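Survey of secondary and tertiary structure
Residues per chain, in single letters:
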Amino acid sequence: MFAARRAAVTSARFYSTPPPVKVPAKLVNELRKLNQGVSKRTAIDALTATNNDLQAALRWVEGDRATTGAAKVAKLAERHAGQGLIGVQVLSPGARPGAAGAVRAAMVELNCETDFVARNELFGKLLCDIAHTAAFLAEPTEGEKFIRRVSCETLKEAPLLDHLDPQTSSTTRLTVGDAVRDLVTKVGEKIVLRRAVAIARDPLPAQQRHLGLRVFPYVHGSVSFPTNGTKGTLALLALKSLHLPSLITSEDFQQKLAALQRSLGRTIVGFPATVVRSQDGEANDVALYEQPSDLFMDKQGSTVEEELRLWSQKHGLVGQGVEGDGIQVLEFAKWSMGEPVESTP
């Protein structure tokens, strides 16, 4: 009888559940540091499931996040994402002191369901990171068209770069699409990468030092980050002058040029401008050059075209008897959040 009981106890011990894995708080903190945004509960679950193997726990978290995120995205698919922001990032503005003169920048629209989420810092930072990524990955182009569309589907497959510290991004495998999915799980709203454009041009050859390109952004209604807003523009200037190499090195000239860019940005966003100038020489209400110069600092002329001509003369770009020198707007893209995509470049 006693032998039977001992056998039963031994059998029960053999088949009993092993004691739960103890998870050190130090490992939990380290996992959360390596994979920001992971909750304490998820970190403990991951380490428990992998017997405190940190690398395996990181893979567990990624798998869990992908599964949870995909389910959340599918659940919210039918909702309308009618809010959001437009973000611009300039990695290389072009003509400036001590630089080769390359141009690289991008503009992106990211949508969500509510204004509350649009003002969330996580949403704002993701928009900055996506715009930075789009600018970084843009391939230098040739031809008359400068600002080009970027495929959102292609962009979603790209590794996401942190606009504040791009070097740290190389250690992670998070793509733009992954980051959008993760934000959906955190805020509980549908998030949509709606559109993107970018510009990338290599430096001009040394024999063309009298020419320069300058890209600049402007956003209206900025939220959380100064480069994000409800309206935005990305514009490209062309500078031409025999004096340009020396002017570019002048701090005063750079300050005056930055002020001119702000005035142009306000005018592009604030007036109904959709093209740079009229193509047929006729009056055109949507031509930027024909818009009033009311938003210019130190206003001199009555239209944008006059302002650019007078500014070029005042700041030494135009020489005596030289034709074609000065500054002009080559191209711009202008967006308002939520507008029909078909109507924008």
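Let me sum up the structure you'll find in this document.

Here is what the cut-offs are and how they apply
Residues numbered from 1 in each chain as written. Predicted model: local features only at pLDDT ≥ 70, side-chain atom pairs only at ≥ 80, totals over all residues. Heavy atoms only, no water. Helix = DSSP H or I, 4+ residues; strand = E, 2+ residues; numbered from the N terminus. Buried < 20%, exposed > 50% of the residue type's maximum accessible area, 1.4 Å probe, protein only. Areas by Shrake-Rupley, 256 points an atom, 1.4 Å probe, with all protein chains shown as cover. Pairing = 2+ DSSP bridges. Axes fitted to C-alpha atoms, helices over the stretch in contact; angles between N-to-C directions. Parallel < 35°, antiparallel > 145°, perpendicular 65-115°, else oblique. Contact = heavy atoms within 4.5 Å. Nonpolar A, V, L, I, M, F, W, Y, C, P; charged D, E, K, R; others polar. Core = buried A, V, L, I, M, F, W, Y, C linked by side-chain atoms within 4.5 Å. 1 Å grid on protein atoms, 1.4 Å probe; cavity = no way out; pocket = protein on both sides within 12 Å on 5 of 7 lines; lining within 4 Å. Points joined across faces, edges and corners; volume = space filled by probe spheres on them. Salt bridge = Lys/Arg side-chain N within 4 Å of Asp/Glu carboxyl O.

**As for the overall build of the chain**
Of regular secondary structure, the chain possesses 12 helices and 8 strands. Within the chain, buried positions represent 42% of all 345 residues. Summing over all exposed atoms, the chain offers an accessible surface of approximately 18600 Å²; the carbon and sulfur share of this is 53%.

**Looking at the sheet that holds strand β3 (residues 148-149)**
The 5 strands are arranged β3-β4-β2-β1-β6 in an open sheet whose pairing can be described as antiparallel. Two strands lie at the open edges of the sheet, namely β3 and β6 (228-229), each paired on one side alone. Two strands pair when backbone bridges link them, and strand β1 (residues 83-93) and β6 are joined in this way by 2 bridges, in the antiparallel orientation. Bridge assignment links Gly87 to a residue of β6, and that residue is Asn228.

**Re the sheet that holds strand β7 (residues 231-240)**
Taking strand neighbours across the sheet as the criterion, the 3 strands line up as β5-β7-β8 in an open arrangement whose pairing is antiparallel. Pairing within the sheet leaves two strands with one partner each, and these edge strands are β5 (211-220) and β8 (326-336). Strand-to-strand twist of the sheet, defined as the mean angle between neighbouring strand axes without regard to direction, takes the value 15°. Bridge count between β7 and β8: 10 bridges; the pairing is antiparallel. Following the sheet pairing, Ala238 is matched in β8 by Gln328.

**Overview of the packing of helix α11 (residues 251-270) against helix α12 (residues 304-314)**
Contact geometry of α11 with α12 gives a least axis separation of 12 Å together with a crossing angle of 175°. It follows that α11 is roughly antiparallel to α12 by the angle criterion. Only Val304, Leu308 and Trp311 of α12 make contact with α11, whose side of the interface consists of Phe253, Lys256, Leu257, Leu260, Leu264 and Thr267. Here the residues of the contact of α11 with α12 are counted per class, giving 7 nonpolar, 1 polar and 1 charged.

**A few points about the nonpolar core**
Core analysis: the biggest nonpolar cluster contains 29 residues, and Val108, Leu110, Phe123, Leu126, Ile130, Ile191 and Leu193 have the highest contact counts within it. Listed by contribution, the elements that provide at least two residues to this core are β2 (103-112), α5 (115-118), α6 (121-137), α7 (152-156), α9 (176-187) and β4 (192-201). Examining the composition of this core, we find that 7 residues originate from one element, α6, more than from any other. Discounting chain neighbours no more than four positions away, the residues touching Leu193 are Val108, Glu109, Leu110, Ile130, Cys152, Leu155, Lys156 and Val176. Within the second largest apolar cluster, 25 residues are counted, among which are Ala95, Leu260, Val276 and Ile327.

**Some remarks on the side chain of Ser278**
In this structure, Ser278 sits in the loop between α11 and α12. With near-sequence residues (within four places) excluded, Ser278 lies in contact with Asn284, Ala287 and Glu290.

**A short note on the layout of surface pockets**
In this structure, the second largest pocket spans a volume of roughly 480 Å³. Taken together, 24 residues form the lining of the second largest pocket, with Gly324, Asp325, Gly326, Ile327 and Gln328 sitting closest to its centre. Counting residues per element, the lining of the second largest pocket draws most heavily on α12, which supplies 5 residues.

**A closer look at unusual backbone geometry**
In most cases, non-glycine residues show a negative phi, while peptide bonds are predominantly trans. The backbone of Asn51 sits at a positive phi, close to 55°, despite the residue not being glycine. Mapping Asn51 onto the fold places it in the loop between α3 (40-49) and α4 (54-75). For Asn51, a relative accessible area of 58% gives the class exposed.

**Let's talk about the pattern of salt bridges**
Overall, the coordinates contain 14 salt bridges when judged by the stated rule. For Arg194, the salt bridge is made with Glu109, and the minimal N-O distance between the two is 3.3 Å. Of this pair, Arg194 sits in strand β4 while Glu109 is found in strand β2, placing the two residues 85 residues apart along the sequence. Look at Glu109 and you get buried, because its relative accessible area is 0%. A single network of salt bridges, built from pairs that share partners, joins Glu109, Arg194, Arg195 and Glu339.

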